[in-house]
Structure formats: structure tokens, C-alpha cells
Amino acid sequence: MKRGYEQPAAAINSRLQYIILSSGGGANDFGDLTEGALTALGMTSNNTRGLLYGGANPDYVSSFSQINLQSLGANSSFGNTFDFIPIRNAAGASNGTRAVFAGGDNADGNVFTIVFVLIASGGSPDKFGDLNDDLSGHDAVDSAVRGCFGGGKAPGVVNTIDFITIATEGNATDFGNLTQVKFGPAGAGSKTRAVFMAGGTPSRLSEIDFVTFSSTGNAADFGNMTVARAAGGMAGHSSETRALLAAGSTPSSDQNDTIDFITIASTGDGVDFGNL
């Protein structure tokens, strides 16, 4: 589960949807947010619990909630955002035990703070460290060990990738650079490879970048998605073999319901999966 970048006001809703990664087809109804319509939430998960951090509609919120991924239904309270500060656009990552949320923006502007919480316990997060820049509009990809944060605005659009070791608190370290500057990409990956899909400059992009978690260095070209897109509620998610990219604003529309997929271990263009 990954972050949904800010949507146009007319598109904001309270729906939760789910997809079966191993098969093609459309999304299905999961439930509704108890807070009502929200956008720009920070998101991450393990195999049983999904976490939803902050968000806005249009005011920033400090809610921090959870969903049970094994059953359908609404979210429930998990805690509050760090220092109870309302925030949106934080990028979430997890090693299965610990969740981290990095950057985002609040009423005072972009932030560089990284916070963490134990997924099994609930409660409000503690300080983990700092990103290298005040970032918003970036996204995260995680392995069992590392979390990588790519792209975003600081406040200009950047191509940087930061990384952390999720089990150990500390400041982020430079990993390398994306192939171009972009905000609002969607991150996904396996335990060995991270992909950053689409994004904007602000022109909408279809390009996919990838890096190998175990080494540092600049991203390489993976291929292209079927539709150029960024932001607009766009989100990515993955299994160990397949990554999906859903929604996003396109050059012709603020709202897009297309879902594409790629096979993470190979390179190549995205393939139509279905629709939201």
C-alpha cells in the first residue's frame, strides 16, 4: 500500500478499493474512510495491517488510522500523527515490523522529518531522523531492509533518491538520482528492486525508473506506462513479482481510472490490468 498524491477537489472521496495482484481486472469495494473524503494520505502496510497517515480535504488532518487487510470494512484509529501536527503527502515504507513516514507538507510548508512506529502495537510515531531535503510529492519503496524515497518537490522538482535502513533510526543517505526530475511518482518493488513509475515535471510522464536496493547509484530506464500521469490520487503497489500503477491525472484529464502492471524482475512497458 502506497501514498495517494493530492487529487483535484472534485475527485476526493472516502472510498477504499482493493485489487487481486495475481489476476487482471478491475478494483473492488473494500469499505469507506471513517473520517470522510480525504486525499494525499501517507500509506504503508505489512501482510495484515495497512496504515493511513494524515491527509487533507482541504484542511490538513492529524488522523492516523489502520485497516485489516484480511477482511473488508472501514478503517479504525491507530494513533495520531507525529506531535499531533496535521500533515499530508508523507511517503510511507515498511519492513513488515516497523513503518516509517517521511517528509510531506503541513500548514508551514514542506518538512524533512522521518518518523516511525511499530505496526503491531498502535500509537503515535516517534522521531526516526531527517531526509536530505524538505520534500513533498515524493514516494517510497521498501525492501525487507531499506526504504528509498524518490522524486518530489523541495520546493522545486527534484530527481534525488534518499535511503534509510528501516530497522535503525538515523538520517537518510543519498542513494543516487532518478533519470529525470519528477514529482508525484508512484513507488513499488520487490525485495531486490525498486521502481518509480510515471510522475510530472509538471508535464505528465509515462517513464518508469528502477534501482537495485542492495547497491547505490542512479536509476536506469525500465520502460513506459500506457498513460502518462502524475498526482491525481495516483498510487502504486506490488507483490514480489508484479507492480501496479493506478489512477493519476493525465495531460487530458484530472481524473483517470486506468490500472497498469509490470513484471518487476524484467524491464519493459506497462500492460493494461483493468480499471478502478
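Described in the following lines is the structure provided in the data block. Each chain carries its own residue numbering, running from 1 in the written order of its sequence. For this predicted model, a pLDDT threshold of at least 70 governs which residues receive local features, and a threshold of 80 or more governs which side-chain atom pairs are given and counted, while totals over whole chains, interfaces and linings are taken from all residues. For the side-chain quantities, the full set of heavy atoms in the structure was used; hydrogens and water were omitted.

### A word on the overall build of the protein chain
The helix and strand labels rest on DSSP assignments: H or I over at least four residues marks a helix, E over at least two residues marks a strand, and numbering proceeds from the N terminus. Across its full length, the protein chain holds zero helices and 23 strands. For the protein chain, the C-alpha atoms occupy an extent of roughly 40 × 40 × 30 Å along the three principal directions. With a 1.4 Å probe rolled over the protein chains alone, any residue whose accessible area is under 20% of its type maximum counts as buried; one over 50% counts as exposed, and the rest are partly exposed. A buried classification covers 54% of the 276 residues belonging to the protein chain. By element, 47% of the accessible surface of the protein chain is carried by carbon and sulfur atoms, the whole surface being about 10600 Å². Looking at the protein chain, you have 15 positive and 26 negative side-chain charges, and the mean spots of the two groups are 4 Å apart. Methods summary: accessible areas were calculated by the Shrake-Rupley approach with a probe of 1.4 Å, and residue burial reflects only the protein chains presented. Working convention for charge: Lys and Arg count positive, Asp and Glu count negative, and His plus the chain ends are omitted. By convention, the charge on Lys lies at NZ, on Arg at CZ, on Asp at CG and on Glu at CD.

### Observations regarding the packing of aromatic side chains
Whether two aromatic rings pair depends on their centres lying within 6.5 Å, for rings of Phe, Tyr and Trp, where Trp uses its six-membered ring; planes under 30 degrees apart make the pair stacked, over 60 edge-to-face, and the rest tilted. Counted by the stated rule, this structure contains nine aromatic pairs. Taking the centre distance of 6.1 Å and the plane angle of 75° together, the rings of Phe261 and Phe273 count as edge-to-face. Linking Phe261 in strand β22 (residues 258-263) with Phe273 in strand β23 (residues 271-275), this pair joins segments that are twelve residues apart in sequence. Taking relative accessible area as the criterion, Phe273 reaches 5% and is therefore assigned buried. An aromatic cluster is present here, built from Tyr53, Phe64, Phe78 and Phe101 joined pairwise through their rings. Above the ring of Phe183, the side-chain terminus of Lys153 is found at 4.4 Å from the ring centroid. A ring is considered to have a charge above it if a Lys NZ or an Arg CZ atom is located within 6 Å of its centre and within 35 degrees of its normal. Against the face of Phe210 rests Arg193, its NZ or CZ located 4.1 Å from the ring centre.

### Describing the pairing of strand β16 (residues 186-189)
Neither face of β16 is exposed, since Ala186 and Ala188 on one face and Gly187 and Gly189 on the opposite face are all buried. Sheet topology note: the β16/strand β17 (residues 193-200) ladder contains four bridges and is antiparallel. Looking at β17, one finds that Ala188 is bridged to Val195. DSSP calls a pair of strands paired once it identifies at least 2 bridges connecting them.

### What about the nonpolar core?
Val100, Ile114, Phe128, Leu131, Phe149 and Ile164 are the most contacted members of the largest nonpolar core, which totals 15 residues. For this core, the elements supplying multiple residues, two or more each, are β7 (91-94), β8 (98-102), β10 (109-118) and β11 (126-135). A total of three residues in this core trace back to one element, the largest contributor, which is β11. Ignoring sequence-local partners within four residues, the contact set of Val100 consists of Ala91, Gly92, Ala93, Ile114, Val115, Phe116, Phe128, Phe149, Ile164 and Ile166. Buried residues of nine kinds, namely Ala, Val, Leu, Ile, Met, Phe, Trp, Tyr and Cys, make up a nonpolar core once their side-chain atoms join them within 4.5 Å. In terms of nonpolar packing, the next biggest core, distinct from the first, is built from 14 residues, Val195, Ala198, Leu245 and Ile264 among them. The contact criterion used is simple: two residues touch if any of their non-hydrogen atoms lie within 4.5 Å.

### Details of the sheet that holds strand β15 (residues 173-177)
What links the strands of a sheet is backbone hydrogen bonding, and the strands pair in either a parallel or an antiparallel sense. Reading across the sheet, the four strands line up as β12-β13-β14-β15 and stay open at both edges, with antiparallel pairing between neighbours. The open sheet has two edge strands with one neighbour each: β12 (139-142) and β15. Mean inter-strand twist for the sheet, computed between neighbouring axes without regard to direction, equals 25°. Pairing of strand β14 (residues 160-165) with β15 involves four bridges; the strand directions are antiparallel. Pairing of Asp162 across the sheet is with Asp174, part of β15. Throughout, an axis means a line fitted to C-alpha atoms (over the contacting stretch in the case of helices), and angles, computed between N-to-C directions, take values from 0 to 180 degrees.

### Overview of the pairing of strand β18 (residues 204-212)
Pairing analysis gives seven bridges linking β17 to β18, with the strands arranged antiparallel. Bridging across to β18, Gly199 finds its partner in Leu205. Linking β17 back to β18 in an antiparallel pair, the connection comprises three residues. Here β18 runs beside strand β19 (residues 220-229); their pairing, made up of five bridges, is antiparallel. Looking at β19, one finds that Phe210 is bridged to Ala220.

### So, the environment of Asp130
Tracing the chain through its elements places Asp130 in strand β11. Asp130 sits in the buried class, given a relative accessible area of 18%. For the pair Asp130 and Leu118, spaced twelve residues apart in the sequence, the C-alpha separation amounts to 18 Å. Apart from the residues within four sequence positions on either side, Asp130 is in contact with Phe112, Thr113, Ile114, Gly170, Asn171 and Ala172. Identification of polar contacts relies on pairs of N or O atoms within 3.5 Å, with a donor-acceptor requirement for protein atoms, meaning one able to donate a hydrogen and the other able to accept it, and with residues adjacent in sequence counted only if both atoms are side-chain atoms. At a separation of 3.4 Å, a polar atom in the side chain of Asp130 contacts the side chain of Lys127.

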